[in-house]
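Observations on the model geometry
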Amino acid sequence: MTNFYFCVFSNSNLKGVMSCNPSFGGVGKGHLVKEIDALDGLMGITADKAGIHFRILNETKGPAVQGLRCQADRQIYKREMKRSLDRIENLDILAGSVEDLVIKDGKVTGIIMENGEIIRANCVVLTTGTFLSGVIHLGNERTAAGRIGDKAATGLSKTLNDAGFALARLKTGTPPRLSSKTIDYSELTIQYPDNPPVPFSELHTPSDLIAEQLTCWLTRTTERTTEIVRDNLEKLPVFDSGEDGEGQGPRYCPSLEVKVKRYPERTHHIWLEPEGLDDDTVYPNGISMSLPREVQTEVIKSIKGLENAKITQFGYAVEYDYVDPRQLQPTLETKNIPGLFFAGQINGTTGYEEAGAQGIIAGINAGSKSINGNNESYPKFILDRGDGYIGVLIDDLLTRGANEPYRMFTSRAEFRLSLRQDNADLRLTKKGYDFGIVDQFRYDTFLRKQEKISETSEKLKSKVLSAKEWESMIPNFIVRNSKSQNPKISAYEMLGRSDIDWPLLGLVDPELVNEVPTPVKLFLRSEALYKDQINTHKTKITNARKDEHLSLPENIDYDKLPFLSREETEKLKKFKPQTLGQVVRLEGITPASLVLLHAMCRTHKKTLAKEEMYSEIEM
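This text gives an overview of the structure that appears in the document. (Residues numbered from 1 in each chain as written. Predicted model: local features only at pLDDT ≥ 70, side-chain atom pairs only at ≥ 80, totals over all residues. Heavy atoms only, no water.)

1. What about the sheet that holds strand S15 (residues 189–191)?
How we decide: Any two strands are treated as partners once DSSP identifies two or more bridges connecting them. Each helix corresponds to a stretch of at least 4 residues labelled H or I by DSSP, and each strand to a stretch of at least 2 residues labelled E; elements are numbered beginning at the N terminus. In this analysis an axis means a line fitted to C-alpha atoms, helices contributing only their contacting stretch, and an angle means the value between N-to-C directions, from 0 to 180 degrees.
Taken together, six strands build an open sheet; the order of strands is S15-S16-S17-S18-S14-S19 and the sheet is antiparallel. Looking at the sheet topology across the chains shown, the edges are occupied by S15 and strand S19 (311–313). Taken over all neighbouring pairs, the strand axes of this sheet differ in orientation by 35° on average, direction set aside. The pairing of strand S14 (residues 177–179) with strand S18 (residues 281–285) spans two bridges and is classified as antiparallel. Bridge pairing links leucine 178 to valine 282 in S18.

Given below as structure tokens:
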């Protein structure tokens, strides 16, 4: 049976439009883009085609926590995404606003458009973004909209509320846009793109990317900036969410006003990022704000290089409804209404990458349910925390909910040493192919990579030399911490050393590195680095989860635990968990901190046991 799909945009010109920051990826977020690509999604492919500034973030750290990021040309991204959508068979793109759902016998059976037209459907996926009862705030101005120039979707909030869904409000924001021609770059710090750039998609090589990569520039706020913001805080909007009307915004990408309140003694980075090859617009990343226009003008003029900068669009905040994601199943189908799926900001997340990750899972499962006649026992595509960051994201939402916009970080994953960007396809592509969602071309590409990994790995493991031989062939290299005088070491073991890389192996034997594709090199390097740590890490996490009953020490001072982040400290002080299990179920506690708290609990248990033993002896 053939499925027919309808994708509804409020305006047909919005296909492929990037609402806010014209970038994709980053730490944690880049992993999501790679996983979407591994499942044959379009985000990574399209970002590659539109990318004008590629960089690997955290490059000096281990591969597990590195994050690929690219700036994208807005117009090219929109054009390429539109082309891709238009080529999909059995997909119709409709323009209009969805105002209501058709629900019959407790199940969704279609949607109702603003003009009253009813479109019947076996399944519906809602991806409302910031448009669900969205309100734009700029100073004391309030406008019903989900984005500047695009009206809000108001009818659906009432429908969802009437259907028993728990709704709340969240806030996000965007900075003022600037004209590049009016910026003085002469005293700013330049940031060059990586050369060669690393693409997101496994179907691309660096030669497939735009040759003309652009630079970004770094400036920062000043003491005068802080003074201007502080003196005008009373002119901020009064929001519907958050404490005292301050708005419930993203913790890790706060507005400039929040930064000034939290850290009045600091100045803050601002990355000046171009929005396109033929676009004069610059996105000043790091200063989203919703102060009145005249105050924003003062703020911009207080920043080095921007003294004469022209604002082409003022910044603003947008507040919108979202649904408590604990009302969802792992397929992202709602528990309340069969056939209805949610993805993106409606589930309390922030960012293109988190939305895309949910969208691909909701779409796969909605399609599977529809093609199987809406049978509740339809084949389900579910990823767990060990499969990928998509699984981590969905599990976090379903078990912990979201009381602030959820952003993905590598620290949220227990098994991050195994969930790397370089092995996203090796984890997910076969799984997707077996389910029927990955096409043959991608799968054949994946099989060729697997074969090359196996072949190269065998070469590395069979190349064995003594420590003295390695030292004689690699300049300024010494084998340390060896148990024997002159141990035998394979090239694969050498690759697992932090001071050895592929070029150095090539000095010893060019055959080891010749004609090895970059993705294969990245994967084998990571595997060699982490081969011993992965199993140890998994054991620690498993033991921590087994010991959920362990008590935390009484009167524990979380402020004095250096391994806790500020967010973790705040959560632990607020909720005062008594057992490790209660810590596990708190949103925002990272696996790394869980392992260290587990060690504290075990130490505490031993101390109590000793005290009890001595007490019995004294008796």
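2. Section: the environment of leucine 272
Applied cut-off: Should any heavy atoms of two residues lie within 4.5 Å, those residues are counted as being in contact.
As for its position among the elements, leucine 272 is in strand S17 (residues 269–274). Separated by 52 residues in sequence, leucine 272 and arginine 220 have C-alpha atoms that sit 9.9 Å apart. If we ignore the near neighbours within four places in the chain, the residues touching leucine 272 are Ile183, Tyr185, Leu188, Cys216, Trp217, Thr219, Val282, Tyr283, Pro284 and Leu306.

3. Quick look at the pattern of salt bridges
Put simply, the rule reads: We count a salt bridge whenever a side-chain nitrogen from Lys or Arg sits within 4 Å of a carboxyl oxygen from Asp or Glu. Here's how the labels work: a residue is buried when its accessible area is under 20% of the maximum for its type, exposed when over 50%, partly exposed in between, all with a 1.4 Å probe on protein chains only.
Taken as a whole, this structure holds 50 salt bridges when the rule is applied. Put simply, aspartate 395 and arginine 385 hold a salt bridge, and the shortest N to O gap is 2.8 Å. Highlighted residues: aspartate 395 in helix H9 (residues 389–400) and arginine 385 in the loop between helix H8 (352–371) and H9, separated in sequence by ten residues. With a relative accessible area of 29%, aspartate 395 lands in the partly exposed category. Salt-bridge contacts for glutamate 414 lead to arginine 385; the nearest nitrogen and oxygen are separated by 2.8 Å. In this pair, glutamate 414 sits in the loop between H9 and helix H10 (424–435) while arginine 385 sits in the loop between H8 and H9, placing the two residues 29 residues apart along the sequence. Accessibility expressed as a relative area gives 14% for arginine 385, which makes it buried.

4. Focus: the packing of helix H11 (residues 440–462) against helix H15 (residues 518–546)
In helix packing, the relevant descriptors are the interaxial angle and the interaxial distance, both defined with respect to the helix axes. The cut-off we apply is this: An angle below 35 degrees is read as roughly parallel, one above 145 as roughly antiparallel, one from 65 to 115 as roughly perpendicular, and any other as oblique. Crossing handedness follows the turn of the near helix against the far one: under a right angle anticlockwise gives a left-handed crossing, and clockwise gives a right-handed one. Residue polarity follows a fixed list, in which Ala, Val, Leu, Ile, Met, Phe, Trp, Tyr, Cys and Pro are nonpolar, Asp, Glu, Lys and Arg are charged, and the others, Gly among them, are polar.
Following both chains from N to C, one finds H11 and H15 inclined at 55°, their axes separated by 10 Å at the closest point. One way to sum up the angle between H11 and H15 is to call them oblique. The way H11 lies across H15 gives a crossing that is right-handed. Between H11 and H15, the contacting residues are Lys449, Lys452, Ile453, Thr456, Ser457 and Leu460 on the first element and Pro519, Val520, Phe523 and Leu524 on the second. Tallied by class, residues from the contact of H11 with H15 come to six nonpolar, two polar and two charged.

5. Things to note about the nonpolar core
Counted only if it meets this: Only buried residues count toward a nonpolar core. Its members are Ala, Val, Leu, Ile, Met, Phe, Trp, Tyr and Cys residues joined through side-chain atoms within 4.5 Å.
Ranked by size, the top nonpolar core spans 70 residues in total, and within it Leu126, Leu160, Leu340, Phe342 and Ile390 carry the most contacts. Every residue in contact with leucine 340, bar those within four places of it in the chain, is listed here: Leu101, Val108, Val124, Leu126, Leu160, Phe165, Leu332, Glu333 and Thr334. Ranked by size, the runner-up nonpolar core spans 24 residues in total, among them Leu460, Leu465, Trp502 and Leu512.

6. Some details on the pairing of strand S4 (residues 67–72)
Among the six residues in S4, six count as buried, and that is most of the element. Judged from the three bridges that link them, strand S2 (residues 23–25) and S4 form a sheet pairing that is antiparallel. Bridge pairing in S4 places phenylalanine 24 opposite cysteine 70. Examined bridge by bridge, strand S3 (residues 51–57) and S4 share six bridges and lie antiparallel to one another. In the strand pairing of S4, glycine 51 is matched with alanine 72.

7. Here we look at the packing of aromatic side chains
Applied cut-off: Paired rings are identified among Phe, Tyr and Trp, the last through its six-membered ring, by centres lying within 6.5 Å, and are further divided according to the angle between planes into stacked (under 30 degrees), edge-to-face (over 60) and tilted (the rest).
All told, the structure shown has eight aromatic pairs when counted by the stated rule. An angle of 25° between the planes, with centres 4.8 Å apart, marks the rings of phenylalanine 24 and tyrosine 77 as stacked. With phenylalanine 24 in strand S2 and tyrosine 77 in helix H3 (residues 74–86), this pair connects stretches of sequence that are 53 residues apart. Since its relative accessible area comes to 1%, phenylalanine 24 is described here as buried. Centroid distance phenylalanine 165 to phenylalanine 342: 5.3 Å. Interplanar angle 55°. Geometry classified as tilted. Residue phenylalanine 165 is located in the loop between helix H4 (155–162) and strand S13 (167–174), and its partner phenylalanine 342 is located in strand S21 (residues 340–342); the two are separated by 177 residues in the primary sequence.

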